[in-house]
Amino acid sequence: MIKDILSEKEVTFSCEMFPPKPGADMARFEETIRAIAELKPDFISVTYGAGGSTSKRTLEIATEIQDIYQVPALAHLTCVASTREEIAANLSRMKACGINNVLALRGDIPQGMDFPSPRHYRYAGELIEDIRSQGDFCIGAACYPEGHVECEHKSDDIGYLKDKVDRGCDFLTTQMFFDNNVLYNFLYRIMMKDIRVPVVAGVMPVTNSRQIKRSCELSGTTLPPRFQAIADKFSDNPKAMRQAGIAYATEQIIDLISNGVTHIHLYTMNKPDIAAQIMSNLSDIIR
């Protein structure tokens, strides 16, 4: 299980990928799976899709990663658009496929949703508690170094995080961040609230400055001046932006590991070549 990997290895390096949209080139996507798996990360997480839109593919891909490529898989599971019965059925399918690592997420609330009955979930903590009661799963959860975009006060956000840990979360994975000092401050604040589970730092290499600005607007992530200068300088030169983005992520990871943050999760955006370059840059550091 992932909690064992995090406790046994001094440095871990994992990757995230997302299932293809309907109608995508499946042969090309299979090559993406193979290329990321062949990097031999400590585990690969597979996202769920908005509203569970790719949930079936999530389980299929996670199973393929484990069975064919022998890399531990972490299957995302969102609950906001699901009933408790639907979640129980999903967990049963995971068990049957040998998937025992789950990233428990609330997910984005669909517009107009009013949580019609107690059978529906409101918070990720409720999902974590249900997973913990229904089987021998290793449960991960999300955390937000800059605070959840829907939460006005950071102290309240950490309170919700403590609730998730108390309900049975085994480890946390951060949302992307571009200023390591933001993470260091966050780690200090959660330690003061006695949150002691491992924290995996989520790093996103940026190769498209326009795309990342939109993502930051939605997530509430800030771009530090140093990164903003890079984006402004190279946004119109794709090759230069790619090279600069890889260099920035590499330096960010080196600083994290040097300061004791030794569990790194790379948001690959299904670009194995970029993940491969970063891992090559860090080959003696992460092995």
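Just so you know, these numbers come straight off a predicted model, no measurement behind them.

**Student:** Is there a simple way to think about the sheet that holds strand 8 (residues 263-267) in this case?
**Tutor:** Pairing between the strands of a sheet comes from backbone hydrogen bonds, and it takes one of two forms, parallel or antiparallel. Ordered in space as 1-2-3-4-5-6-7-8, the eight strands form a closed barrel in which the pairing is parallel. Neighbour-to-neighbour, the strand axes of this sheet turn through a mean angle of 30 degrees, independent of strand direction.

**Student:** In this structure, what is going on with the environment of R122? I would like to understand it.
**Tutor:** Examined against the element boundaries, R122 turns out to sit in the loop between strand 4 (101-105) and helix 5 (124-133). Residue R122 is classed as partly exposed on the basis of its relative accessible area, which comes to 41%.

**Student:** Can you help me understand the environment of A37 in this one?
**Tutor:** With respect to the helices, strands and loops of the structure, A37 is situated in helix 2 (residues 26-37). Sequence-wise, A37 and I68 are 31 residues apart; in three dimensions their C-alpha atoms are separated by 9.5 Å.

**Student:** What am I meant to see in the nonpolar core here?
**Tutor:** The nonpolar side chains of soluble globular proteins are, as a tendency, buried together. Within the largest apolar cluster, 64 residues are counted, with the highest numbers of intra-cluster contacts made by F13 and L172. A total of five residues in this core trace back to one element, the largest contributor, which is helix 10 (residues 238-258). Among residues more than four places away in sequence, those in contact with L172 are A141, A142, C143, L161, V165, I195, V197, P198, V199 and V200. If you look at the next biggest cluster of nonpolar residues, it comprises 14 residues, including F178, C216, L223 and Y248.

**Student:** Got a minute to help me understand the packing of aromatic side chains in this structure?
**Tutor:** By the definition in use, this model includes two aromatic pairs. Taking the centre distance of 5.0 Å and the plane angle of 80 degrees together, the rings of F227 and Y248 count as edge-to-face. Of this pair, F227 sits in helix 9 (residues 225-234) while Y248 sits in helix 10, and the two are 21 residues apart along the sequence. When its relative accessible area of 2% is taken as the criterion, F227 is described as buried. The exposure class assigned to Y248 is buried, which follows from its relative accessible area of 7%. Among the aromatic residues, those joined into a ring-pair cluster are F178, F227 and Y248.

**Student:** Help me understand the side chain of N101, please; the structure alone is not making it clear to me.
**Tutor:** Following the sequence through the fold, N101 ends up in strand 4. The class of N101 is buried, set by a relative accessible area of 2%. Side-chain polar atoms of N101 contact the backbone nitrogen of I2, separated by 3.0 Å. Within the local environment of N101, its side chain forms a polar contact with the side chain of N100, the two groups lying 3.3 Å apart. The contacts of N101, once residues within four sequence positions are left out, are M1, I2, Q66, A73, L74, A75 and C138.

**Student:** Just to check I follow, could you spell out the pattern of salt bridges for this structure?
**Tutor:** Oppositely charged side chains can form a pair if their charged atoms are brought close together. Within this structure, the stated rule accounts for 13 salt bridges. Linking D166 and K162 is a salt bridge whose minimum nitrogen-to-oxygen distance equals 3.0 Å. Taken together, the positions of D166 and K162, both in helix 6 (residues 154-166) and four residues apart, correspond to about one turn of that helix. What makes K162 partly exposed here is its relative accessible area of 22%. We note a salt bridge from R226 to E251, for which the minimum N-O separation is 2.5 Å. On the criterion of sequence distance, the pair formed by R226 in helix 9 and E251 in helix 10 is long-range, its members being 25 residues apart. The class of R226 is partly exposed, set by a relative accessible area of 47%. On the basis of relative accessible area, E251 is assigned to the partly exposed category, the value being 42%. Several salt bridges share partner residues, and in doing so they unite E31, R34 and E38 into one network.

**Student:** Please clarify how the pairing of strand 6 (residues 171-174) should be interpreted in this entry.
**Tutor:** Remark: a regular strand shows side chains that alternate across the two faces of the sheet. Judged by which residues are buried, strand 6 turns out to be covered on both faces: F171 and T173 on one side and L172 and T174 on the other are all buried. Relative to strand 6, strand 5 (residues 138-143) runs parallel, the two being bridged by four bridges. Paired with G140 across the bridge in strand 6 is F171. Taken together, the two bridges between strand 6 and strand 7 (residues 199-203) define a ladder with parallel strand orientation. Of the residues in strand 7, the one forming a bridge with L172 is V199. The handedness of the strand 6 to strand 7 crossover, carried by helix 7 (residues 180-192), is right-handed.

The rules behind these values
Residues numbered from 1 in each chain as written. Predicted model: local features only at pLDDT ≥ 70, side-chain atom pairs only at ≥ 80, totals over all residues. Heavy atoms only, no water. Pairing = 2+ DSSP bridges. Helix = DSSP H or I, 4+ residues; strand = E, 2+ residues; numbered from the N terminus. Axes fitted to C-alpha atoms, helices over the stretch in contact; angles between N-to-C directions. Buried < 20%, exposed > 50% of the residue type's maximum accessible area, 1.4 Å probe, protein only. Core = buried A, V, L, I, M, F, W, Y, C linked by side-chain atoms within 4.5 Å. Contact = heavy atoms within 4.5 Å. Phe/Tyr/Trp six-rings, centres within 6.5 Å; stacked < 30°, edge-to-face > 60°. Polar contact = N/O pair within 3.5 Å; in protein donor to acceptor, adjacent residues only side chain to side chain. Salt bridge = Lys/Arg side-chain N within 4 Å of Asp/Glu carboxyl O. Right-handed = clockwise from strand over helix to strand, strands pointing away.

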